[in-house]
Amino acid sequence: MTDSKKIEFDQIFMKLAVDISKKSHCIKKKVGAIITKDTRVVSTGYNGPPSGTYNCDRDWPNEGCPKSLHGGCSYALHAEQNAIIFAYKNNIDLFNTTLYTTLSPCLYCARLIFSSGIKRVLFMDYYSKYKDIQIEEGLSFLKEFKIVVNKFCLNEEIGSNK
């Protein structure tokens, strides 16, 4: 493989986020997140209830988990939350890291991202489109506080050995 054919790290890490999303037990939307420092993966996460509790696809295979008072999943953690929690449980410093996520962060996750020291966020799909809302509150929050945020299109040739 020549240097011009080498895959960029952003492509590799976003593909990993897509792959880790497939571990989710959510029946509505599978979301994955990867946190990197320099060129190394330091944490991963996918959406779903906390480890050791439920698996929505097994426990509620038709309707998904029960709804909270606000209409969201009552048990689920978001992929970004799980990746950040894993890092902190394992004493991993997230200062100046990059988050790759298959869905843009909600406002709550954006607050955690900012507070944890993550400095760059790449995402594939819009949370607002998935939730059918007008505003990307999470992205607006991150941009307001100078976190680098970019929509990312995954190169379809990854994994094709071309």
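Going along each chain's sequence as written, the residues are numbered from 1 onward. Where local features are concerned, this predicted model is filtered to residues with pLDDT of at least 70; where side-chain atom pairs are given and counted, the filter is 80 or more; whole-chain, interface and lining totals use all residues. Hydrogens and waters are ignored; side-chain quantities use all the structure's heavy atoms.

Chemist: So what exactly am I meant to see when it comes to the pairing of strand 4 (residues 120–125) here?
Modeler: Looking along a regular strand, one sees the side chains alternate between the two faces of the sheet. For two strands to count as paired, DSSP must find a minimum of two bridges between them. Helix and strand definitions follow DSSP, with helices as H or I runs of at least four residues and strands as E runs of at least two, each counted in order from the N terminus. The pairing of strand 3 (residues 98–103) with strand 4 spans 5 bridges and is parallel. Along strand 4, the bridge assignment pairs Leu-103 with Asp-125. For the crossover from strand 3 across helix 4 (residues 107–116) to strand 4, the handedness is right-handed. Sheet topology places strand 4 next to strand 5 (residues 148–151); 4 bridges connect them, and they run parallel. Note that in strand 5 the partner of Leu-122 across the bridge is Asn-150. Look down the strands so they point away from you; if the path from the first strand over the helix to the second goes clockwise, the crossover is right-handed.

Chemist: For this particular structure, what's the right way to read the nonpolar core?
Modeler: Generally speaking, nonpolar side chains in soluble globular proteins are found buried as a group. By size, the foremost hydrophobic cluster in this structure holds 24 residues, and its most contacted members are Ile-35, Ile-118, Val-121 and Leu-142. For this core, the secondary structure elements donating two or more residues are strand 1 (32–37), helix 3 (79–89), strand 3, helix 4, strand 4 and helix 6 (137–144). By residue number, the principal contributor to this core is helix 3, which donates 4 residues. Every residue in contact with Val-121, bar those within four places of it in the chain, is listed here: Leu-99, Thr-101, Pro-105, Ile-113, Leu-142, Ile-147, Val-148, Val-149 and Asn-150. Formed by 11 residues, the second largest nonpolar core is a distinct cluster that contains Val-18, Tyr-100, Leu-122 and Phe-152. Take the buried Ala, Val, Leu, Ile, Met, Phe, Trp, Tyr and Cys residues and link them wherever side-chain atoms come within 4.5 Å; each set so joined is a nonpolar core. Exposure categories follow from relative accessible area, calculated using a 1.4 Å probe and restricted to protein chains: below 20% of the type maximum is buried, above 50% is exposed, and the middle band is partly exposed. We call two residues in contact when some of their heavy atoms are within 4.5 Å.

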